[in-house]
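Working through the structure, step by step
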Amino acid sequence: MAMRAPVSASARLLEGFRKWYYNAAGFNQLGLMRDDTIYEDDDVKVALKRLPENLYNERLFRIKRALDLSMRQQILPEEQWVKYEEDSCLMH
């Protein structure tokens, strides 16, 4: 049975900082995931074309909802915010 290495204090501190920064950035309050905020250069456009249709449609919905909320200067209720642990692009 393999033993897991203990998590160092610096790793816990770094993870805490990552969570704080994720929430401080504010895009999760609009229902966006981190990958939804990436600038769409040519490489990103090619990658988006390769997404399954359901994931692409979910992404478009999140972006349109965020634009609408931004125009109305509102945010989602806190229970609808994307949480750090739920953001699929941050999974290891």
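Note that the structure is predicted; figures quoted are calculated from it, not measured.

Observations concerning the overall build of the protein chain
Counting secondary structure elements, the protein chain contains three helices and zero strands. Burial analysis of the protein chain (92 residues in total) assigns 22% to the buried set. Partitioning the intrachain contacts of the protein chain with sequence separation of at least 6 by distance along the chain shows that 69% fall at a separation of at least 24. Total accessible area on the protein chain stands at roughly 7600 Å², and carbon and sulfur atoms take up 58% of it.

Concerning the nonpolar core
Membership of the largest hydrophobic core is limited to 11 residues, which are Y22, F27, L30, L32, M33, A66, L69, L76, W81, V82 and Y84. Once residues lying within four places of it in the same chain are set aside, the contact partners of V82 are Y22, N28, G31, L32, M33 and D87.

Focus: the packing of aromatic side chains
Evaluated as defined, the whole model comprises four aromatic pairs. Relative to F27, the ring of Y22 has its centre 5.1 Å away and its plane inclined at 85°; by these criteria the two rings are edge-to-face. Like F27, Y22 is buried.

Here's the deal with the pattern of salt bridges
Enumeration over the complete set of coordinates arrives at six salt bridges. In this structure, the salt-bridge partner of E85 is K19, at a minimum N-O distance of 3.2 Å. On the criterion of sequence distance, the pair formed by E85 in the segment after helix 3 (53-71) and K19 in helix 1 (residues 9-25) is long-range, its members being 66 residues apart. The partner of R59 in a salt bridge is E40, and the shortest N-O contact between them spans 3.3 Å.

What counts and how
- Residue indices begin from 1 for each chain and proceed along its sequence in written order.
- Restriction of local features to residues with pLDDT of at least 70 applies here, the model being predicted, together with a cutoff of 80 or more for giving and counting side-chain atom pairs; totals for whole chains, interfaces and linings are based on all residues.
- Calculation of side-chain values draws on the structure's entire complement of heavy atoms; hydrogens and water are dropped beforehand.
- Under the DSSP-based scheme used, a helix requires at least four consecutive residues in state H or I and a strand at least two consecutive residues in state E, with every element numbered from the N terminus.
- Exposure classes here rest on a 1.4 Å probe applied to the protein chains alone. A residue is buried below 20% of its type maximum, exposed above 50%, and partly exposed in between.
- Contacts between residues were defined by any pair of non-hydrogen atoms, one from each residue, lying within 4.5 Å.
- Per-residue accessibility takes into account occlusion by the displayed protein chains alone, with areas from the Shrake-Rupley method and a 1.4 Å probe.
- Throughout this description, the term nonpolar core refers to a set of buried Ala, Val, Leu, Ile, Met, Phe, Trp, Tyr and Cys residues connected via side-chain atoms within 4.5 Å.
- The pairing test for Phe, Tyr and Trp rings, Trp by its six-membered ring, is centres within 6.5 Å, and the orientation test on the planes gives stacked under 30 degrees, edge-to-face over 60, and tilted for anything in between.
- A pair is scored as a salt bridge if a Lys or Arg side-chain nitrogen falls within 4 Å of a carboxyl oxygen belonging to Asp or Glu.

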